[in-house]
Amino acid sequence: MYLFALYQGLDKSLEPYLQTLVKLEVEILKNSGTQLSLLQHRLLPHRPILRALVQLVREVDEEAPAGCMILDKVYQAAGSGVAGVGTALKLVLSELHKVLYKQLLAWLLQGNLYDPFNEFFIVKDDKADESILLVGEEGEKSRSKSKTFQLRLEMVPQHISHSLAEKIFFIGESIQLFESDRRVEVQGAVLRDREAEFYQELARLRDKTVFEVADFTNFVDKIRETVSEHLHTLMMKEADLMAELGTVWNLFLLGRGELFHTFIRLTEERLRNPPTITTQTDVNEAWRTAAQLILSQSEEENISHKIKVLIGNEPYEGWGQISIQYAVSWPLHLIITPSAIHRYNKIFSFLLLIRRTQNCLNHLWSDMMMKVRRGEREAKEMGGLIWETRQHISFIVSNIQSYVLSDVLETQRAKLVKKLEETKSFETVKEAHEQFLTDVSAHIFLLNPKVLSILKDLLKTALAFTDTVTVNPQGAAGICEELNLKAALLLQLLTSMRQKLQGSHLAQLLLRLDYNRYFSSTKKISSVVTSD
């Protein structure tokens, strides 16, 4: 489309030259004695224009710019200060901008991508095959009809800034996501009765000879503001985003701790083994049982329509493959996207490991105390090293859990709720939720592979410690030493990182783990540091 528009623009810019040739031809036919100086006088003013057009065609032919980058090439050439050249190239630009406006009309006002030859700076993302799972009012589930798009910044013409391109992308993507799954009962489309007004204004901009960047930017801002306000009202008031986030947090962030305590108890042994063909069914049956025991009938019905516990089929422990499939209520899928669900699942997996470790350590203490009170022989075989190690690791795990739940999740959730209450913009709501997930992931070290690896290794070793002590307390000396070593390594790593990141969340975790420098001053820590 852009190449054809370039040809049309070249034809228009050559019209004065062609008219001059026609007039000269008429004069020559009337007067056979026309002098060559007259031809030179008439044609010489067109020479700079012809030279510029030839140069432009040569560059387009050699460089073969794709799509709207042809517009970028002409825009650069149109800055010439040579008399007549700028005017001629602006006619070419005008034709190219008509194509751009045609694509912008479909994208900005309807959320449709009109790009039959893949020339626009917004493209469909064919790699993103994960569609959004929606849940209806009656509990029925369906896949979203919406498509996934990408903004190609390298295809954006230079006279359209990247920030303006991102606004254009946001408007069309939001309208497309909204309209593709819009329910009949919702009050009108995103732009409502202003669509005609915006269409007329865009047509006025399209008909201008010169592309006015300031006017176009103001036009995009008007649409963005309208879309953002409408979607914000729909999200916060009609769809009740806060209630939906509460449900998400209760599940993925273990907000209903008693529910997951029961679920872990029912599935602990089953998921310690690699999954089989019946594991998926068994786990979801255990989930339903836990929900029936803990939740009220209305809560159970609400959650049962939204989630399904998924287990992978890899040949290793089932706990490492557990995730939650969540069906989002329409139109909250604009905020709780598949990407957000994926990030929530990563947080959920880590929190579940902490909770399981805490449960096993508590159960081990209870079991040990019962054996002591009954005077069993196994209780006498448990030396002081086992008791000391269990107490030490239990202290660390309890404080890690307190840090995650109180210092990270509660703090970040309060910040997010405050932002949502203060804003009237859908964009701000979406950005705040994304920032919430990023901050939580960073503060619980999901974005720090080194710390995360040591943390997970410590927690898994603690689980192995509880198994060993339960089955064979005489052979627990080796794992006790290993566990104390890993605890010391974790503390040493966090301490070294704190020196580089002053005032970060690390200080709060270290305050909980080593508030009086007791552990860092013991021989365990010193020996680890020396050996390193």
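Residues numbered from 1 in each chain as written. Predicted model: local features only at pLDDT ≥ 70, side-chain atom pairs only at ≥ 80, totals over all residues. Heavy atoms only, no water.

1. Looking at the overall build of the protein
Then comes step 1: For the protein, the helix and strand inventory stands at 20 helices and seven strands.
Then comes step 2: Considering the protein as a whole, with its 532 residues, one finds that 47% of them fall into the buried category.
Then comes step 3: Partitioning the contacts of the protein with sequence separation of at least 6, the portion at a separation of at least 24 is 74%.
Then comes step 4: When the accessible area of the protein is evaluated, it comes to approximately 26,900 Å², of which 52% is carbon and sulfur surface. (Helix = DSSP H or I, 4+ residues; strand = E, 2+ residues; numbered from the N terminus. Buried < 20%, exposed > 50% of the residue type's maximum accessible area, 1.4 Å probe, protein only. Contact = heavy atoms within 4.5 Å. Areas by Shrake-Rupley, 256 points an atom, 1.4 Å probe, with all protein chains shown as cover.)

2. What to know about the pairing of strand S6 (residues 322-326)
Then comes step 1: Only one face of S6 is covered, namely the one carrying Ile322, Ile324 and Tyr326; the face carrying Ser323 and Gln325 has none of its residues buried.
Then comes step 2: Summarising the sheet, strand S5 (residues 307-311) and S6 pair through five bridges and their orientation is antiparallel. Bridging across to S6, isoleucine 307 finds its partner in tyrosine 326. (Pairing = 2+ DSSP bridges.)

3. Concerning the environment of leucine 332
Then comes step 1: Mapped onto the fold, leucine 332 is located in the loop between strand S7 (328-329) and helix H13 (338-374).
Then comes step 2: Given a relative accessible area of 0%, leucine 332 falls into the buried group.
Then comes step 3: Apart from the residues lying within four places of it in its own chain, the contact partners of leucine 332 are Met235, Ala239, Asp240, Leu241 and Glu244.

4. Considerations on the environment of threonine 466
Then comes step 1: Relative to the elements of secondary structure, threonine 466 occurs in helix H17 (residues 449-471).
Then comes step 2: Here the alpha-carbon distance between threonine 466 and arginine 390, two residues 76 residues apart in the chain, equals 8.5 Å.
Then comes step 3: A distance of 2.6 Å separates the side chain of threonine 466 from the backbone oxygen of leucine 463, its partner in a polar contact. (Polar contact = N/O pair within 3.5 Å; in protein donor to acceptor, adjacent residues only side chain to side chain.)

5. Points about empty space enclosed by the protein
Then comes step 1: One pass over the full model with this rule turns up two cavities of 30 Å³ or more.
Then comes step 2: Size it by volume and the second largest cavity reaches roughly 30 Å³.
Then comes step 3: Forming the boundary of the second largest cavity are Phe350, Ile400, Tyr403, Val404, His443, Ile444, Phe445, Leu455 and Leu509.
Then comes step 4: Broken down by class, the residue content of the lining of the second largest cavity amounts to eight nonpolar, one polar and no charged. (1 Å grid on protein atoms, 1.4 Å probe; cavity = no way out; pocket = protein on both sides within 12 Å on 5 of 7 lines; lining within 4 Å. Points joined across faces, edges and corners; volume = space filled by probe spheres on them. Nonpolar A, V, L, I, M, F, W, Y, C, P; charged D, E, K, R; others polar.)

6. Things to note about the packing of helix H4 (residues 69-77) against helix H5 (residues 85-110)
The angle between the axes and the distance between the axes are what describe a pair of packed helices.
Then comes step 1: With their axes 10 Å apart at the nearest point, H4 and H5 run at an angle of 155° to one another. Classified by the interaxial angle, the pair formed by H4 and H5 is roughly antiparallel. Where H4 crosses over H5, the handedness of that crossing is left-handed. Counting all contacts with H4, which are made through Ile70, Leu71, Val74, Tyr75 and Ala77, the residues of H5 involved are Leu89, Val92, Leu93, Leu96, His97 and Leu100. (Axes fitted to C-alpha atoms, helices over the stretch in contact; angles between N-to-C directions. Parallel < 35°, antiparallel > 145°, perpendicular 65-115°, else oblique. Left-handed = near helix turned anticlockwise from the far one by under 90°.)

7. A short note on unusual backbone geometry
Then comes step 1: Unlike most non-glycine residues, alanine 64 shows phi in positive territory, near 50°.
Then comes step 2: Residue position: alanine 64 is located in the loop between helix H3 (47-63) and H4.
Then comes step 3: One non-glycine residue with positive phi stands out, namely leucine 254, at about 55°.
Then comes step 4: Assignment of secondary structure puts leucine 254 in the loop between helix H9 (241-252) and helix H10 (257-267).
Then comes step 5: Classification of leucine 254 by relative accessible area gives buried; the value is 10%.

8. Some details on the packing of aromatic side chains
Two aromatic rings, taken as a pair, are described by how far apart their centres are and by the angle between their planes.
Then comes step 1: Applying the stated criterion across every chain yields a total of 17 aromatic pairs.
Then comes step 2: Three or more aromatic residues link up through ring pairs in this structure, and these residues are Phe252, Phe260, Phe263, Trp287, Trp319, Tyr326, Tyr344 and Phe348. (Phe/Tyr/Trp six-rings, centres within 6.5 Å; stacked < 30°, edge-to-face > 60°.)

9. Comments concerning the environment of tyrosine 199
Then comes step 1: With respect to the element layout, tyrosine 199 can be found in helix H7 (residues 195-206).
Then comes step 2: Note on tyrosine 199: relative accessible area 40%, which makes it partly exposed.
Then comes step 3: It is 9.7 Å that separates the C-alpha atoms of tyrosine 199 and leucine 108, two residues lying 91 residues apart in sequence.
Then comes step 4: Sequence-distant contacts of tyrosine 199, that is, excluding residues within four places in its chain, are made with Leu105 and Leu109.

10. Side note on the confidence of the model for the protein
Then comes step 1: For the protein, per-residue confidence averages 81 on the pLDDT scale, and residues scoring 70 or more make up 86% of the total.
Then comes step 2: Considering only residues more than four positions removed or in separate chains, one finds that residues 183-188, a stretch of pLDDT under 50, has 14 contacts.
Then comes step 3: The low-confidence segment residues 523-532 (pLDDT under 50) makes 14 contacts with residues lying over four places distant or belonging to another chain. (pLDDT = per-residue confidence, 0-100.)

11. Thoughts on a nonpolar patch on the surface
Then comes step 1: A cluster of nonpolar side chains, Leu3, Phe4 and Tyr7, forms an exposed patch at the surface whose accessible area comes to about 320 Å².
Then comes step 2: By the secondary structure assignment, tyrosine 7 is in helix H1 (residues 2-30).
Then comes step 3: Look at tyrosine 7 and you get partly exposed, because its relative accessible area is 46%. (Patch = residues over 30% accessible without salt bridge, like charges linked within 9 Å, V, L, I, M, F, W, Y side chains within 5 Å. Salt bridge = Lys/Arg side-chain N within 4 Å of Asp/Glu carboxyl O.)

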